[in-house]
Amino acid sequence: MRTVLLYILLPLIILLVVFYWWAQRGNIGPDDLHAEMKLSSPVPHSGDTMSIMTYNIGYLSGMTNNLPVKPDIQLFDDNLEKSRQLIKQWRPDIIGFQEIDYNSSRSYYRNQLDSLSNSYLYAVKSVNWDKRYVPFPYWPPSVHFGKMASGQAILSRFPVINSQRKVLSGPESAPFYYRAFYLDRLI
């Protein structure tokens, strides 16, 4: 019995500990979790009225958001085009995005901020979910989110003078392994 424990269970436990340590760590350096950027293609503001839009894009996953399925890349391409058309139709001066992915496996490693920013000169990005591997949805493992970099963003036709990333406290009553892969709530 001790031989089974020593040669089978001990390596398995070590493997699980190493995987847990590796997967819950982030991909992005601390200085890149929040960034103000000047983009390249301005559209000047005209008039005396400012329009502001907030848009939860749900990482462009549509109604498959958080279901145990792996959406096809075409769904993301179609939803990206619909989002571009909506922004073009409304032409807001400032857009605040929620659930926007920056090179995440669940959205086919696309930087969605870059994909939506074509008529804005300024941007702010804040990352609230930076993990090397996210084991969600829980089953089956083939639909896990995997590498994750997601958060909020702002596109603006006006210069961003100052922005900050404020992290709110997480779910303290949840177990440590849940909190290790949980996203940060931001202001």
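Everything quoted here is computed from the prediction, not taken from an experiment. (Residues numbered from 1 in each chain as written. Predicted model: local features only at pLDDT ≥ 70, side-chain atom pairs only at ≥ 80, totals over all residues. Heavy atoms only, no water.)

Asks: Now, about the overall build of the protein: what can you tell me, with residues and values included?
Replies: Counting its secondary structure elements, the protein contains four helices and five strands. Reading the helices (α) and strands (β) of the protein from amino to carboxyl end gives α-β-β-α-β-α-β-β-α. Projected onto the principal axes, the alpha-carbon positions of the protein cover approximately 80 × 35 × 30 Å. For the protein, restricting intrachain contacts to residue pairs at least 6 apart in sequence, the fraction spanning at least 24 positions comes to 75%. Surface accessibility of the protein: about 11600 Å² in total, with carbon and sulfur atoms responsible for 61%. Charged side chains in the protein number 19 positive and 15 negative. The centres of these two groups are separated by 5 Å. (Helix = DSSP H or I, 4+ residues; strand = E, 2+ residues; numbered from the N terminus. Contact = heavy atoms within 4.5 Å. Areas by Shrake-Rupley, 256 points an atom, 1.4 Å probe, with all protein chains shown as cover. Lys, Arg positive; Asp, Glu negative; His and termini not counted. Charge placed at Lys NZ, Arg CZ, Asp CG, Glu CD.)

Asks: So, the packing of aromatic side chains: which residues are in play, and what are the values?
Replies: Here the structure, examined in full by the defined rule, presents 13 aromatic pairs. In this structure an aromatic cluster arises from ring pairing among Tyr59, Phe76, Tyr108, Trp129, Phe136, Tyr138 and Phe145. The aromatic ring of Tyr120 is capped on one face by Arg157, whose charged end is 4.3 Å from the ring centroid. (Phe/Tyr/Trp six-rings, centres within 6.5 Å; stacked < 30°, edge-to-face > 60°. Lys NZ or Arg CZ within 6 Å of the ring centre and 35° of its normal.)

Asks: Residue-level account of the environment of Ser115, with values.
Replies: Position of Ser115 relative to the elements: it lies in helix α3 (residues 112–116). Assessed through its relative accessible area of 18%, Ser115 is described here as buried. Distance in space between the C-alpha atoms of Ser115 and Leu80 is 7.8 Å, their sequence separation being 35 residues. Each residue touching Ser115, except ones within four places of it in the same chain, is listed here: Leu80 and Arg84. (Buried < 20%, exposed > 50% of the residue type's maximum accessible area, 1.4 Å probe, protein only.)

Asks: Could you give an account of the nonpolar core, naming the residues involved and the relevant values?
Replies: Of all hydrophobic cores here, the largest spans 27 residues; its most connected members are Ile57, Ile95, Phe97, Ile100, Tyr102, Leu113 and Leu116. Mapped by element, the contributors of at least two residues to this core are β2 (52–56), α2 (73–90), β3 (94–101), α3, β4 (122–134) and β5 (146–156). Beyond its immediate stretch of four places on either side in the chain, Ile100 contacts Ile57, Gln112, Leu113, Leu116, Ala149, Ser150, Gly151, Gln152 and Ala153. (Core = buried A, V, L, I, M, F, W, Y, C linked by side-chain atoms within 4.5 Å.)

Asks: Residue-level account of the environment of Ile87, with values.
Replies: When you line up the elements, Ile87 lands in helix α2. Assessed through its relative accessible area of 6%, Ile87 is described here as buried. Counting along the chain gives 32 residues from Ile87 to Ser119, while the straight-line C-alpha distance between them is 9.5 Å. Setting aside anything within four residues of it in sequence, one finds Ile87 in contact with Pro92, Ile95, Phe97, Leu116 and Tyr120.

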